[in-house]
Amino acid sequence: QVQLVESGGGLVQAGGSLRLSCAASGSVFSSARMDWYRQAPGKQRELVATITSSGTTNYADYLKGRFTISRDNAKNTVYLQMNSLSPEDTAVYFCRMVVDMTLRNYWGQGTQVTVSS
């Protein structure tokens, strides 16, 4: 069974930066696509960024280059570097794993990011 644990959230002022981490248990991390999602109060969960098992990245258009997703397969960890944060980035951020071969997916419990103006 895979478990995902996010960390790195918190309170930051507008214009600041945060780095989120998502650590995965198990042995399938290197063979899985990893996604970051976010959900703001009263809104639907939305995709932020993805990184495939081979390292290809994709980002939501609205980010305008402010966020960077990366992974460290040796540490079974995916990261989300968030720069130039604005209050509109306030949300709970979740990571998701989609295993390449089986397409089984797993979610973390989320980490709160709050950006003050």
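Just above, that's the structure.
Cut-offs and rules
- Residues numbered from 1 in each chain as written.
- Predicted model: local features only at pLDDT ≥ 70, side-chain atom pairs only at ≥ 80, totals over all residues.
- Heavy atoms only, no water.
- Phe/Tyr/Trp six-rings, centres within 6.5 Å; stacked < 30°, edge-to-face > 60°.
- Helix = DSSP H or I, 4+ residues; strand = E, 2+ residues; numbered from the N terminus.
- Buried < 20%, exposed > 50% of the residue type's maximum accessible area, 1.4 Å probe, protein only.
- Salt bridge = Lys/Arg side-chain N within 4 Å of Asp/Glu carboxyl O.

1. Regarding the packing of aromatic side chains
So, point 1. Taken as a whole and judged by the stated rule, the model has two aromatic pairs.
So, point 2. Taking 6.4 Å as the distance between ring centres and 80 degrees as the angle between the ring planes, the aromatic pair formed by Phe94 and Trp107 counts as edge-to-face. Of this pair, Phe94 sits in strand β9 (residues 91-99) while Trp107 sits in strand β10 (residues 105-107), and the two are 13 residues apart along the sequence.
So, point 3. On the accessibility criterion, Phe94 (9% relative accessible area) is buried.
So, point 4. An aromatic cluster of at least three residues, connected via ring pairs, comprises Tyr37, Phe94 and Trp107.

2. A look at the pattern of salt bridges
Side chains carrying opposite charge are able to pair once their charged atoms draw close together.
So, point 1. As enumerated under the stated definition, the model contains five salt bridges in all.
So, point 2. With a shortest N-O distance of 2.8 Å, Arg66 and Asp89 are connected by a salt bridge. With Arg66 in the loop between β6 (57-59) and β7 (67-72) and Asp89 in the loop between β8 (77-82) and β9, this pair connects stretches of sequence that are 23 residues apart. For the pair formed by Arg66 and Asp89, the shared burial category is buried.
So, point 3. Among the charged side chains, a network of salt bridges with common partners joins Arg38, Glu46, Arg66 and Asp89.

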